[in-house]
Amino acid sequence: MSDNPISERIDRRTLLRGAAAAGVVGIAGCSDNGGDGSDGEDGSDGSDGSDGSDGSDGSDGSDGSDGDDGGSQDVIRWHAGGTGGTYFPLSGEFEGIIEDNTDYPVEVSSTGASVENVGSLGNGDADFALIQNDVAYFARNGEGLDAFDGSPVENLRGVATLYPETIHVLLNPEADVSSLSDLEGMRVNTGDLGSGTQVNALQILESAAGLTTDDFEEQNTDFTQAANQLRDGDVDAAFVVGGWPVGAIEELATTTDVQILNMSDEERQAARDDASWFADDTIPGGTYEGIDEDVDTVSVQAMIATRSEYSADAVEAVTEAIFENLDQLSIKTDFITVDSAQDGMSIELHEGAARYFE
């Protein structure tokens, strides 16, 4: 992907300038990271299971970064995302399915999502995680993000893709914004520092509007805080990446007037041309209170990832449990299917997942 224009044009110094302080950069196989994507909130609260509070820090032998023992006593450490997005509640449903259909107990942790979760898989603090397919590609190939530049996460493996992660560009109605280029000079929340949301936001702003962080006032918070900023008039726009409906946006729309930018065909084409993982997407009218018309935008893909050294038997059992019991899901049921589970898969499959799908 080094020949992809966006990889050359992302301002690497500004993209993750706060990430080093958060421990993102300098990951020999990837250490804890800053945050992400679809659910990029409250992930830096230490709830990633590495603090020992969940009993899986190794004192009980269950962290075993190789996961090869595969015994029923081992807790599967599943890293999700922030509670205001889609990753966390969906992971909770996966937890129930896995525990009902295998011998494995599961512990779901709220995290900063994709970038942080990649780090947790890379250093063995997590066994499974939800991440974005573009972040997975960057991490596995050691490019595209300062967190991974020149340091590929070699043990990162795919399990399945799930559903579109829709880019929502939320607008303060008083900002009078009708295109991405109108955001020049404005206050824009691009998501948590180092998050997949921030990556997507900066890609889209540069590709579709020629804007870099020198052209607007960038702010960085999680979904919930971004919603509060919009409600209070402290920002003019905020990027949120997640499968619609996103809980934080639903809540915001019930308490205040909010708009979502309807991207033009030209803007969407420009985003797709510069980053092949983007796909056209539409948020149906009525998804959020007060937004009655369809909203055109773009999306990436949410996916389940694991680590290469984790037990193939365990990965196969988890994969089979989920995809043989999709009728037990209530979230993203129109998207998560066996037939589409490899669409947009951007990295190699784990052996256990390959056994099930192949």
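Sequence order as written defines residue numbering, which begins from 1 separately in each chain. At least 70 in pLDDT is required for a residue's local features to be given in this predicted model, at least 80 for side-chain atom pairs to be given and counted, and no such filter applies to totals for whole chains, interfaces and linings, which use all residues. To get the side-chain values, all heavy atoms of the structure are used, and hydrogens and water are removed first.

Caption draft 1: Geometry of the overall build of the protein. Helix numbering and strand numbering both begin at the N terminus, where a helix is a DSSP run of H or I of at least 4 residues and a strand a DSSP run of E of at least 2. Looking only at helices and strands, one finds 11 helices and 10 strands in the protein. By the convention used here, residues are in contact when the closest approach between their heavy atoms is within 4.5 Å. For the protein, restricting intrachain contacts to residue pairs at least 6 apart in sequence, the fraction spanning at least 24 positions comes to 78%. Calculation of accessible area relied on Shrake-Rupley with a 1.4 Å probe; when residues are assessed, cover is drawn exclusively from the protein chains displayed. Summed over all atoms, the accessible surface of the protein reaches about 12800 Å², with 40% contributed by carbon and sulfur.

Caption draft 2: Broad picture of helix α4 (residues 114–122). With 9 of 9 residues buried, α4 lies mostly within the body of the structure. Here's how the labels work: a residue is buried when its accessible area is under 20% of the maximum for its type, exposed when over 50%, partly exposed in between, all with a 1.4 Å probe on protein chains only. Turning to α4, its buried residues are S114, V115, E116, N117, V118, G119, S120, L121 and G122. Once α4 finishes, G124 follows within two positions and takes phi at roughly 85°, a positive value.

Caption draft 3: Seen up close, the pattern of salt bridges. Salt bridge, as used here: a side-chain nitrogen of Lys or Arg that lies within 4 Å of a carboxyl oxygen of Asp or Glu. The tally for this structure, following the rule as stated, stands at 12 salt bridges. Ionic pairing is found between E309 and R307, a salt bridge with its closest N-O pair at 3.3 Å. A relative accessible area of 0% means that R307 is categorised as buried. Residue R355 pairs with E351 through a salt bridge whose shortest N-O separation is 3.2 Å. Highlighted residues: R355 and E351, both in helix α11 (residues 351–357), separated by 4 residues, approximately one helical turn. Overall, R355 belongs to the partly exposed group, its relative accessible area being 37%. The network of salt bridges with shared partners includes R77, D127, R307 and E309.

Caption draft 4: Region of the structure containing helix α5 (residues 133–141). The buried fraction of α5 is high, at 7 of 9 residues. Those residues of α5 that are buried lie in contact with α4, β3 (128–132), β4 (156–171), α6 (196–209) and β10 (295–307). Directly beyond the C-terminal end of α5, a positive phi value near 65° is found at G142.

Caption draft 5: Structural detail: unusual backbone geometry. Of the consecutive residues W244 and P245, the connecting peptide bond is found in the cis state with omega at -5°. Phi is positive for A113, which is not a glycine, with a value near 80°. Notably, D176 is not glycine yet its phi reads approximately 55°, a positive angle. Tracing the backbone shows D176 in the loop between β4 and β5 (187–189).

Caption draft 6: Just the environment of D234, in detail. Summarising the element assignment, D234 is placed in the loop between α7 (223–232) and β7 (237–242). With residues near it in sequence (within four places) discarded, D234 still touches R187, Q219 and Q229.

Caption draft 7: Quick peek at the environment of W78. The topology assignment puts W78 in strand β1 (residues 76–79). Definition of a polar contact: a pair of N or O atoms within 3.5 Å, with one able to donate and the other able to accept a hydrogen when the atoms are protein atoms, and with sequence-neighbouring residues admitted only if both atoms are side-chain atoms. A distance of 3.0 Å separates polar atoms of two side chains, one belonging to W78 and the other to S91.

Caption draft 8: A look at the packing of aromatic side chains. Working definition: a ring pair exists when centres of Phe, Tyr or Trp rings (six-membered ring for Trp) sit within 6.5 Å. Plane angles under 30 degrees give stacked, over 60 give edge-to-face, the rest tilted. Within the structure shown, the criterion is met by 9 aromatic pairs. Measuring from centroid to centroid gives 6.5 Å for W277 and F278, while their planes differ by 50°, and the two rings are tilted. Overall, the relative accessible area of 5% leaves F278 in the buried class. Note on Y356 and F357: the rings are 5.0 Å apart at their centroids and 80° apart in plane angle, and the pair reads as edge-to-face. In this scheme, Lys NZ or Arg CZ marks a charge over a ring once it lies within 6 Å of the ring centre and within 35 degrees of the ring normal. For the cation-ring pair, K332 lies above W244, with the distance from its terminal atom to the ring centre recorded as 5.2 Å.

Caption draft 9: Molecular detail of the nonpolar core. Grouping buried Ala, Val, Leu, Ile, Met, Phe, Trp, Tyr and Cys residues that are joined through side-chain atoms within 4.5 Å yields what is termed a nonpolar core. The biggest cluster of nonpolar side chains holds 82 residues, and the ones touching the most others in it are W78, F94, F148 and L156. Here the element with the most residues in this core is β4; it accounts for 8 residues. Residues F223, A227, A238 and V258 belong to the second largest nonpolar core, which totals 19 residues.

Caption draft 10: A look at the side chain of D192. Looking at the secondary structure, you find D192 in the loop between β5 and α6. Side-chain polar atoms of D192 contact the backbone nitrogen of D222, separated by 3.2 Å.

Caption draft 11: Highlighting the pairing of β10. A large share of β10 lies buried, amounting to 11 of its 13 residues. Note on pairing: two strands pair once DSSP finds at least 2 bridges between them. With 5 bridges connecting them, β3 and β10 associate as antiparallel partners. When the bridges of β10 are listed, I131 appears paired with M303. Where β4 lies against β10, 9 bridges are found, and the strand directions are antiparallel. Note that in β10 the partner of R157 across the bridge is T306. Two elements, strand β9 (residues 279–283) and β10, share 5 bridges in a ladder whose sense is antiparallel. Bridge pairing links D281 to T297 in β10.

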